[in-house]
Amino acid sequence: MNFNELGLDEALVSAIEATGYTEPTQVQVSAIPAAIAGGDLLVSSQTGSGKTAAFTLPCLNRLLGHKPAPGAGPRMLVLTPTRELAQQVEKAVKTYGRKLRWLNTACLVGGEPFFAQAKQLSRPVDVIVATPGRLIDHLQRRKLKLNDIQMLVLDEADRMLDMGFSEDIETIVAATPANRQTLLFSATLDGVVGKLAQKLTRDPQRIEILATKASSANIEQRVMIADNLGHKNRLLESLLGSEGLQQAVVFTATKRSAEEVSLSLREKGFSAAALHGDMHQTARNRTLDKLRQGRIGVLVATDVAARGIDVAGISHVINFDPPRAAEDYVHRIGRTGRAGREGIAITLSGPREIGMIRAIERYTGKPITVHVIEGLEPSARPPAAGRRPSPGGKPGGFGGGRSRDRDARPGASKGWNSDGPRGARHTSDSERGPRRARADFR
Ligand code: ADP
Ligand code: MG
């Protein structure tokens, strides 16, 4: 299948070819013609599968067909959960729309000066990419009208709801015309997302690319057992020195821990930087730019801040703390192995956090193999699984991995202190929870 078979204007096809894409991904093949046909869509497909182009291309295609009336407001609106994602999507819109010389875009996110954005809105804008909080600010201060919106895109709708943006989304959507086309993208289309979708779309077509199970085929997944925080730090250091590592994202459970790990890595001579929701937006942008330019080798980030980051040089994802949910795991490891490249994802797990790893294996349907680094072997082995270790102790899924080569040392896991994910899980540092997250990303 070629891009020119999808019904897209030549200007878009040639921009895509200039980007270096040779053929559309599965979700693009399904969603682009369906969106061009004009109906509402509910789309779910795995992270890294090219959803941005799947919604941007048909929307630009529609913009291209009709000249706006003089003085008309923006015609396309994309809502995203985080600032970084909004900026990335705006960049994609510019890239895919590079042949459309008249195209004006604006990115409205918190943490950037309000008045500069307001000034931008005083001139004609075709496409707005925004986080819900800041968009509402502009609506309330009458800097923006959404009466001319023809296409509304909700990117990562599930995450926006997780972050407590549900009311904001409804307020925003109420300000758009009822005859708009709505494209909703989400990891899942059930539960609360399904309810939201019912409210916001009319007779939508569902497109589910059920690749989640077999996904991340190009990402090798490993787990390493760490006895305690000190051991974890030594493992991390060793992993970051491994051959073939280009750039890495290290995930921590809390903002404070992201700061601490990044500081300690810098002290050890790594070009590391932290990324989390408490940082000033200018600093966040600068960090991401440096990462893209390869001037940062290791990004130490929290889940929310790293959502959707797309940097080709990321060869490794290291979960310094295991994620809280299996779904977060899939998003984390999706930071590597972008666009078909190979990637390695390593989760450092305390002996007592194995349950989470097993839950992830059940979710993805893929075994996560246990690895050890010579000289840094754990003294504790994971508590016995429901399954008995296979006699050969062959590496494989967790249950059957590392058989009884060593007995668990009593008290071996006591090394966890409040910096470990368990203790920190409920501190105010956590980015989870609607109120907190909302304050971060307005
Ligand atoms: P998602 O939103 O599904 O997580 P993205 O839209 O961020 O994925 O795309 C992931 C990466 O794949 C990006 O680097 C993008 O440039 C690249 N990409 C998208 N479509 C194609 C394609 N058809 N061929 C090759 N690379 C692509
Ligand atoms: Mg995306």
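See the structure shown above.
Engineer: Explanation requested: the overall build of the protein in the structure shown.
Structural biologist: Helix and strand counts for the protein come out as 17 helices and 14 strands. Counting over 442 residues, the protein shows a buried share of 56%. Contacts spanning at least 24 positions in sequence make up 76% of the contacts within the protein whose residues lie at least 6 apart.

Engineer: Is there a simple way to think about the site of ligand 1 in this case?
Structural biologist: What surrounds ligand 1 is a group of 16 residues, the closest being Tyr21, Gln28, Gly48, Thr52 and Asp310. Take Ser49: an N or O atom from its main chain is 3.1 Å from an oxygen atom of ligand 1. Considering ligand 1 on its own, with 570 Å² of exposed area, one finds that the protein chains cover 82% of that surface. Of the residues in the shell around ligand 1, the class split is four nonpolar, eight polar and four charged. Residue contributions to the shell around ligand 1 reach at least three from each of two domains, namely domain 1 (3-211) and domain 2 (217-408).

Engineer: What am I meant to see in the packing of helix H6 (residues 132-140) against helix H8 (residues 166-174) here?
Structural biologist: Where H6 meets H8, the axes come as close as 10 Å, and the angle between the chain directions of the two elements is 45 degrees. In this view, H6 runs oblique relative to H8, as classed from their interaxial angle. Relative to H8, H6 is oriented so that their crossing is left-handed. Note on element contacts: H8 touches H6 through Asp168, Thr171 and Ile172, opposite Pro132, Gly133, Leu135, Ile136 and Leu139. Residue composition of the contact of H6 with H8, grouped by class: five nonpolar, two polar and one charged.

Engineer: What is the right way to look at the side chain of Asn285 in this model?
Structural biologist: Checked against the element boundaries, Asn285 lands in helix H12 (residues 281-292). Setting aside anything within four residues of it in sequence, one finds Asn285 in contact with Gln87 and Glu112.

Engineer: Teacher, can you tell me more about the sheet that holds strand E7 (residues 205-208) here?
Structural biologist: Two strands in a sheet stick together by hydrogen bonds in their backbones, pointing the same way (parallel) or opposite ways (antiparallel). Pairing is parallel in the open sheet, where seven strands are placed in the order E3-E4-E2-E5-E6-E1-E7. Of all strands in the sheet, those bounded by a partner on one side alone are strand E3 (105-108) and E7. Between one strand and the next, the sheet's axes are offset by a mean angle of 15 degrees, whatever the strand orientation. Sitting on the sheet, helix H3 (residues 51-65) is in contact with strand E2 (76-79), strand E4 (127-130), strand E5 (151-154) and strand E6 (181-185), with an inclination near 170 degrees to E6.

Conventions adopted
- Residues numbered from 1 in each chain as written.
- Chains lettered and ligands numbered in written order.
- Predicted model: local features only at pLDDT ≥ 70, side-chain atom pairs only at ≥ 80, totals over all residues.
- Heavy atoms only, no water.
- Helix = DSSP H or I, 4+ residues; strand = E, 2+ residues; numbered from the N terminus.
- Buried < 20%, exposed > 50% of the residue type's maximum accessible area, 1.4 Å probe, protein only.
- Contact = heavy atoms within 4.5 Å.
- Near = heavy atom within 4 Å.
- Polar contact = N/O pair within 3.5 Å; in protein donor to acceptor, adjacent residues only side chain to side chain.
- Areas by Shrake-Rupley, 256 points an atom, 1.4 Å probe, with all protein chains shown as cover.
- Nonpolar A, V, L, I, M, F, W, Y, C, P; charged D, E, K, R; others polar.
- Domains from an automatic or database assignment.
- Axes fitted to C-alpha atoms, helices over the stretch in contact; angles between N-to-C directions.
- Parallel < 35°, antiparallel > 145°, perpendicular 65-115°, else oblique.
- Left-handed = near helix turned anticlockwise from the far one by under 90°.
- Pairing = 2+ DSSP bridges.

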